[in-house]
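Chains, contacts and geometry: an overview
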Amino acid sequence: AKEKGKNNYQFFTQDLNQKVVRKYQVESALRKAIAKDEFKFHYQPQVDLQTEKLVGLEALLRWNPSFGPVSPVEFIPIAEETGLILPIGEWVLEEACRQIQEWKECGKLGVRVSVNVSARQFRDSQFNRKVEALLKKYRIDASQLEIEITESVMMNIEESSKVIRQLRELGLKIAIDDFGAGYSSLTVIKNIEIDTLKIDKSLIDDMLNNSRNLSILKAIISVGKGLDTLVVVEGIEKEEQVELLKGFGVIGQGYFYSRPMPPAKLESDWIEAGR
Ligand code: C2E
Ligand code: CA
Ligand code: CA
Ligand code: CA
């Protein structure tokens, strides 16, 4: 038994070592990623369930360093921990504005584009001014840009609601992301005015075989409707889910409609196809 314990310990430390090495590798590559132009966006359509028309896009960061693609699920937490999320977040906002302008100038697209913003970026006292400068630089309509935040932004509710109010005064849209996944979702919408509620995939996942989940989902949708916000249901993968939610006036985002894709593919499959 003692032998076995020792082996387990070795496996454990080996595993831990690998994780530390990987994290170090990711972190050092992340420091050079902007200069090396390794980031791009994939865009995922948001579709009106009723009309099946494209009504918005979420910009999702993709990173392809020399040692192979790394998922944002892995590198975003590291970026947040190290503060690298600040320069990365600036790249994200600027690239979204640039793309909105490009699509607008060639008459291709006028829909809302949403970007993810971390709590850390929100704490930057210059955040609003940076956003305002970008809107000017790219001469875009503020209402085409939406900022997705999670309830973690609300840890400091007073400061954050001030930033959010200012952003909305500029004309930007604000979405609460992963709604219903945490504990304090209701506190968030009680305290600030928002434009869009994005209901977390976990609530959609087993609504087909779990009537409790379906009830909760419907209740959240009606809360959103009551507050006059757009409701986006995330992670729709099956036709049956669409059937259940049709008639509720919601927007869907998920693999059922489309995976996130590079801008050129979005243009050919969605925009030029007139969807
Ligand atoms: P999120 O903001 O909740 O984005 C939705 C994630 O769900 C995306 O993963 C998307 O590809 C995935 N997804 C969409 N539809 C489906 C579906 O039907 N089924 C399944 N299984 N997944 C679906 P992705 O692109 O890997 O991004 C993961 C997370 O990384 C995002 O979650 C977001 O929290 C973060 N992230 C991505 N881009 C950025 C960024 O530019 N800035 C920041 N701060 N975070 C980002
Ligand atoms: Ca999001
Ligand atoms: Ca989400
Ligand atoms: Ca998330």
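Described in the following lines is the structure provided in the data block. Owing to the predicted nature of the structure, the values given are computational and were not obtained by experimental measurement.

**Examining the site of ligand 1**
With respect to spatial proximity, 22 residues lie near ligand 1, and among them Arg62, Ser118, Asp177, Glu237 and Tyr255 are the closest. At 3.3 Å, a side-chain N or O of Glu58 approaches an oxygen atom of ligand 1. Relative to its unbound accessible area of 810 Å², ligand 1 is 80% covered by the protein chains. The site holding ligand 1 turns out to be the largest pocket. Listing elements by their share of the shell around ligand 1, those giving two or more residues are β2 (54-63), α2 (72-82), α3 (85-105) and β5 (173-179). For the shell around ligand 1, the element with the highest residue contribution is β2, accounting for four residues. Here the residues of the shell around ligand 1 sort into 10 nonpolar, five polar and seven charged.

**With respect to the sheet that holds strand β8 (residues 251-253)**
Taking strand neighbours around the barrel as the criterion, the eight strands line up as β1-β2-β3-β4-β5-β6-β7-β8 in a closed arrangement whose pairing is mixed. Taken pair by pair, the neighbouring strands of this sheet meet at an average axis angle of 30°, ignoring direction. Here strand β1 (residues 39-48) pairs with β8 via two bridges, running antiparallel. Considered in β8, the bridge of Val47 is made with Gly252.

**Topic: the packing of aromatic side chains**
Two measures describe an aromatic ring pair: the distance that separates the ring centres and the angle between the ring planes. Counted according to the given criterion, the structure contains 10 aromatic pairs. Ring centres of Phe256 and Tyr257 lie 5.0 Å apart, and the angle between their planes is 80°; this geometry places the pair in the edge-to-face category. You can call Phe256 partly exposed: its relative accessible area is 29%. By relative accessible area, which is 11% here, Tyr257 ends up buried. Cluster of aromatic residues (ring-pair linked, three or more members): Phe39, Phe41, Tyr43, Trp63, Phe67, Phe75, Trp91 and Trp103. Stacked on the ring of Trp270, the Lys or Arg Arg275 has its end atom at 3.7 Å from the ring centre.

**Some words on unusual backbone geometry**
The phi angle at Glu52 is positive, at roughly 60°, despite the residue not being glycine. Tracing the chain through its elements places Glu52 in the loop between β1 and β2. Unusually for a residue other than glycine, Asp178 sits at a positive phi of about 55°. The residue Asp178 is located in strand β5 in this model.

**Focus on the coordination of the calcium ion (ligand 2)**
By definition of the ideal shapes, a tetrahedral metal site with four donors has angles of 109.5 degrees and an octahedral site with six donors has angles of 90 or 180 degrees. Bound to the calcium ion (ligand 2) on the protein side are Glu58 (OE), Asn116 (OD1), Glu148 (OE) and Asp177 (OD), at distances that span 2.1 to 2.4 Å. On the primary sequence, the residues serving as donors to the calcium ion (ligand 2) are separated as E-x57-N-x31-E-x28-D. In this structure, the calcium ion (ligand 2) lies 4.0 Å from the calcium ion (ligand 3), and both are coordinated by Asp177. Here Asp177 lies in strand β5 and Glu148 lies in strand β4 (residues 145-149), a separation of 29 residues in the sequence.

**Focus on the pairing of β1**
By the criterion of burial, β1 is predominantly enclosed, with eight of the 10 residues buried. Bridge count for β1 against β2 is nine bridges, and the pairing is antiparallel. Each bridged residue has a counterpart across the sheet, and for Lys40 the counterpart in β2 is Arg62. The antiparallel hairpin formed by β1 and β2 contains five residues in its connecting segment, where Glu52 sits at a positive phi of about 60°.

**Some thoughts on the pattern of salt bridges**
Under the defined criterion, the tally for this structure stands at 23 salt bridges. Glu237 is paired through a salt bridge with Lys201; the nearest N and O atoms lie 3.8 Å apart. On the criterion of sequence distance, the pair formed by Glu237 in the loop between β7 (230-234) and α10 (239-245) and Lys201 in helix α8 (residues 201-205) is long-range, its members being 36 residues apart. According to the relative accessible area criterion, Glu237 is partly exposed, its value standing at 38%. Between Lys265 and Asp269 there is a salt bridge, and its shortest N-O distance comes to 2.6 Å. In this pair, Lys265 and Asp269 are both assigned in helix α11 (residues 263-271), four residues apart and thus about one turn of the helix distant. Owing to a relative accessible area of 28%, Asp269 belongs among the partly exposed residues under this scheme. Within this structure, Glu58, Glu148, Lys198 and Glu234 form a network of salt bridges that share partners.

Conventions we followed
- Residues numbered from 1 in each chain as written.
- Chains lettered and ligands numbered in written order.
- Predicted model: local features only at pLDDT ≥ 70, side-chain atom pairs only at ≥ 80, totals over all residues.
- Heavy atoms only, no water.
- Near = heavy atom within 4 Å.
- Polar contact = N/O pair within 3.5 Å; in protein donor to acceptor, adjacent residues only side chain to side chain.
- Areas by Shrake-Rupley, 256 points an atom, 1.4 Å probe, with all protein chains shown as cover.
- 1 Å grid on protein atoms, 1.4 Å probe; cavity = no way out; pocket = protein on both sides within 12 Å on 5 of 7 lines; lining within 4 Å.
- Sits in = over half its atoms within 2 Å of the grid points.
- Helix = DSSP H or I, 4+ residues; strand = E, 2+ residues; numbered from the N terminus.
- Nonpolar A, V, L, I, M, F, W, Y, C, P; charged D, E, K, R; others polar.
- Pairing = 2+ DSSP bridges.
- Axes fitted to C-alpha atoms, helices over the stretch in contact; angles between N-to-C directions.
- Phe/Tyr/Trp six-rings, centres within 6.5 Å; stacked < 30°, edge-to-face > 60°.
- Buried < 20%, exposed > 50% of the residue type's maximum accessible area, 1.4 Å probe, protein only.
- Lys NZ or Arg CZ within 6 Å of the ring centre and 35° of its normal.
- Donors = N, O, S within 2.8 Å, 3.2 Å for Na, K, Ca; no water.
- Salt bridge = Lys/Arg side-chain N within 4 Å of Asp/Glu carboxyl O.

Limitation: the analysis is restricted to geometry and does not speak to function.
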